Amino acid sequence: MEGKRLKQRLKEWLKNIGWGDWKIEVASADASFRSYYRLRKNGETYVLMDSSLMLESLPPFVDTNERLSSCKVRVPRIIVKNMELGYLILEDFGSTHYLDILSEENYRDLYKKAIDEIVKMQQADTAGLPRYDKDFLHFEMALMQEWYVEKYLDMTLTAEQKNIIDATLKSIADVVLQQPQGVFVHRDYHSRNIMLTPEGEVGVIDFQDARAGAVTYDLVSLLKDCYIAWEKEEVERLALYYRDAAGLDADDTTFLKWFDFMGLQRHIKVLGIFSRLHLRDGKSGYLKDIPLTLKYVVETASKYPETKRLADLLKLIND
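Fair warning: this is a prediction, and the values are worked out from it, not measured in the lab. The residue numbers shown here count from 1 along each chain, following its written sequence. Only residues with pLDDT of at least 70 are given local features in this predicted model, and only at 80 or more are side-chain atom pairs given and counted; all residues enter the totals for whole chains, interfaces and linings. With hydrogens and water set aside, each side-chain value is computed from the structure's full complement of heavy atoms.

1. Concerning the nonpolar core
Note the cut-off: Among buried residues, the Ala, Val, Leu, Ile, Met, Phe, Trp, Tyr and Cys ones that are joined through side-chain atoms within 4.5 Å form a nonpolar core. Three labels apply to residues, based on accessible area from a 1.4 Å probe with only protein chains included: buried if under 20% of the type maximum, exposed if over 50%, partly exposed otherwise in between. A run of DSSP states H or I qualifies as a helix once it reaches four residues; a run of E qualifies as a strand once it reaches two. Both are numbered from the N-terminal end. Contact definition: two residues touch when any of their heavy atoms are within 4.5 Å.
Ranked by internal contacts, the top residues of the largest apolar core, which has 89 residues, are Y111, M144, Y189, L219, L222, L223 and I268. Broken down by element, the residue count for this core peaks at twelve residues, all from helix α9 (residues 252–279). Beyond its immediate sequence surroundings of up to four residues, I268 is in contact with M141, M144, L169, I172, V297 and L310. One finds L10, W22, L39 and Y87 within the second-largest nonpolar core, a separate group that totals twelve residues.

Given below as structure tokens:
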């Protein structure tokens, strides 16, 4: 019933701005409370983003769109906006996400193109963006214990096990903060949020939660994607391709440790988020992505003395 009412309101708004004769169809919904529609007329298409249930997400979207446009990152042009109602009409990038087309034959080239976009994104102005500081890194990682371990797995941890988690999360944050900071971070730069436009360009979407943070964050989101995985050696080669393209002064061992620990921070957080989406929001489609996310955490944590105890604990409680 609520969905019908929202769609009717959308149609009334479109009519009021002279778009009433455009056909409207559902395009997609994301993990938040935004909805997307495709508008069609005479072979032309646009995307309508409905943020009416999340009005607070619209100003960051518009602001970040402008930041990225200014450094030549391909983001959807805003055609019409109504900040009060929560509606945007955007350029249509089509329906081809990276996840739809990645294969053994093309992923190296496609990832290099996406990495080149990271280098461009990191030139964006970060003034006023919230920081990925130590407190926020810890806040995100704490989601794993609360939502994945205690609520999803229904585990009661001992005091010793909690201490292992606390000490490991501190070590992870320390290494993350050792690498260069303060660059633009998309925060969800993966195969479902990267598109191939009809012109064959890399199109970037879903960037409204951007922060200023570590240089490897978007790289690890891309290369250690929770929805698709590649051979470890190839992932490391691509990670070093980024290091060289970005002109970072770090040897292979140092840079790959930065990359690994950033991945640990992200994937520990994601275990909590996927569990919360299921338990709190009724979005259970992400449960199928937990095994790969957990695999990333356990495999990476097993490599380093600072994190090995967490790997052992996760193996124990997932047995």
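We are not done yet, so read on.
2. Quick notes on a negative patch on the surface
Using the following cut-off: Think of a patch as exposed residues, more than 30% relative accessible area, with no salt bridge, where like charges cluster within 9 Å and nonpolar side chains (Val, Leu, Ile, Met, Phe, Trp, Tyr) cluster within 5 Å. Residue burial considers only the protein chains on display, and all accessible areas are found by Shrake-Rupley using a 1.4 Å probe. We define a salt bridge as a side-chain nitrogen of Lys or Arg found within 4 Å of a carboxyl oxygen belonging to Asp or Glu. Only four residue types enter the charge count: Lys and Arg as positive, Asp and Glu as negative, with His and the chain ends excluded. Charged side chains are reduced to one point each, which is NZ for Lys, CZ for Arg, CG for Asp and CD for Glu.
On the surface, E104, E105, E231 and E233 cluster together into a negatively charged patch. Mapping E231 onto the fold places it in the loop between α7 (217–223) and α8 (232–246).

3. Side note on the pairing of strand β4 (residues 78–82)
Quick reminder of the rule: In this description, strands pair whenever DSSP reports at least two bridges between them.
Summarising the sheet, β4 and strand β5 (residues 87–91) pair through four bridges and their orientation is antiparallel. Note on β5: the bridge partner recorded for V80 is I89. The turn joining β4 and β5, which pair antiparallel and follow one another in sequence, is formed by four residues; a positive phi near 95 degrees is taken by G86.

4. Thoughts on the pattern of salt bridges
For the structure shown, the criterion picks out 30 salt bridges. Two residues, E146 and K151, come together in a salt bridge whose shortest N-O distance is 3.1 Å. The partly exposed category is assigned to E146, whose relative accessible area is 34%. Its relative accessible area of 40% is what places K151 among the partly exposed residues.

5. Let's talk about the packing of helix α6 (residues 159–176) against α9
How we decide: Each axis is a line fitted through C-alpha atoms, taken for helices only over the stretch in contact, and angles between the N-to-C directions span 0 to 180 degrees. Roughly parallel means an angle under 35 degrees; roughly antiparallel, over 145; roughly perpendicular, 65 to 115; everything else is oblique. Working rule for handedness: look at the near helix, and if it is turned counterclockwise from the far one by less than a right angle, call the crossing left-handed; if clockwise, right-handed. In this count, Pro and Cys sit with the nonpolar residues alongside Ala, Val, Leu, Ile, Met, Phe, Trp and Tyr, while Asp, Glu, Lys and Arg are called charged and the others, Gly among them, polar.
It is the contact of α6 with α9, at a shortest axis distance of 9 Å, that shows an interaxial angle of 130 degrees. Our classification of the angle between α6 and α9 gives oblique. In this structure, α6 crosses over α9, and the sense of that crossing is left-handed. Contacts between α6 and α9 involve L169, S171, I172, V175 and V176 from the former and K257, W258, F261, M262, L264, Q265 and I268 from the latter. Counted by class, the contact of α6 with α9 contains nine nonpolar, two polar and one charged residues.

6. What to know about the packing of aromatic side chains
The condition is simple: Note on aromatic pairs: the rings of Phe, Tyr and Trp (six-membered ring only in Trp) are paired at centre separations within 6.5 Å, and the planes decide the class, stacked below 30 degrees, edge-to-face beyond 60, tilted for the rest. Geometrically, a lysine NZ or arginine CZ counts as sitting over a ring once it is within 6 Å of the ring centre and also within 35 degrees of the ring normal.
The full count for this structure, using the stated rule, is 17 aromatic pairs. Relative to Y87, the ring of W13 has its centre 5.0 Å away and its plane inclined at 50 degrees; by these criteria the two rings are tilted. Taken together, the positions of W13 in helix α1 (residues 2–16) and Y87 in strand β5 put the pair 74 residues apart, joining distant regions of the chain. By the burial criterion, W13 is buried, and Y87 matches it. Each residue in the set Y132, F136, F139 and Y217 is aromatic and connected to the rest through ring pairs, giving one cluster. Stacked on the ring of W147, the Lys or Arg K151 has its end atom at 3.9 Å from the ring centre.

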